[in-house]
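# Architecture and fold: a report
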Amino acid sequence: MNRSILASLVALATLAPVSLVHAQNHSHAGMSAQDHAAMQAPGNGVVTTPADNAMLAAAPTAFSATFPHPMVLTSLTLTGPGDQSVDVAVSADAPPATTVRAPLTALAPGSWSAAWGAKGADGHQMNGVVRFMVH
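These figures come from a predicted structure and were not determined experimentally. (Residues numbered from 1 in each chain as written. Predicted model: local features only at pLDDT ≥ 70, side-chain atom pairs only at ≥ 80, totals over all residues. Heavy atoms only, no water.)

### Describing the overall build of the chain
Check the secondary structure of the chain and you find two helices and seven strands. When the helices and strands of the chain are read in sequence order from the N terminus, they spell out α-α-β-β-β-β-β-β-β. Burial analysis of the chain (135 residues in total) assigns 28% to the buried set. For the chain, restricting intrachain contacts to residue pairs at least 6 apart in sequence, the fraction spanning at least 24 positions comes to 58%. As presented, the chain carries roughly 8300 Å² of accessible surface, and 60% of it is formed by carbon and sulfur atoms. (Helix = DSSP H or I, 4+ residues; strand = E, 2+ residues; numbered from the N terminus. Buried < 20%, exposed > 50% of the residue type's maximum accessible area, 1.4 Å probe, protein only. Contact = heavy atoms within 4.5 Å. Areas by Shrake-Rupley, 256 points an atom, 1.4 Å probe, with all protein chains shown as cover.)

### Re the environment of A114
Positionally, A114 belongs in strand β6 (residues 110–120). Setting aside residues no more than four positions away along its own chain, A114 makes contact with F63, L76, T77, L78, G128, V129, V130 and F132.

### A closer look at the pairing of β6
A regular strand carries its side chains on alternate faces of the sheet. Bridging between strand β3 (residues 62–79) and β6 involves eight bridges; their strand directions are antiparallel. Its bridge partner being in β6, L78 is matched across the sheet by A114. Joining the antiparallel neighbours β6 and strand β7 (residues 125–134) is a turn of four residues, in which G123 adopts a positive phi near 95°. (Pairing = 2+ DSSP bridges.)

### Structural notes on the packing of aromatic side chains
Taken as a whole and judged by the stated rule, the model has one aromatic pair. Between F67 and W116 the ring centres are 5.6 Å apart and the planes differ by 70°, which places this aromatic pair in the edge-to-face class. Here W116 lies in strand β6 and F67 lies in strand β3, a separation of 49 residues in the sequence. Here W116 falls in the buried class, since its relative accessible area comes to 3%. (Phe/Tyr/Trp six-rings, centres within 6.5 Å; stacked < 30°, edge-to-face > 60°.)

Everything listed here is a matter of geometry and, on its own, says nothing about what the molecule does.
Here is the structure:
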């Protein structure tokens, strides 16, 4: 039994350098850990600021989402401490862009979530939720 565990550990150890090289050669290599965490689902390539699970020393002044193709931000709702909900104004007539932004009002310290929706020029829709904490 101990030999099979040892063999498994050796196999994992030999794969680690290969995984590291693969990650470094990937198109999103060089992103921060927060940017990686911000991807809403594997393979969709959406990166948000603030990132999912971000621990922020100061409240963000804007929300942004970067998509693999041009989109328009159609909705953004923040939910904060005490389940306080804040609808953020988004420009519905903005041209599609790979990075979309919306300014935020001052956010109080605490746990927040940002539920966003976006629409592509061809009509397809995407949405997601990002959770972050303001200290």
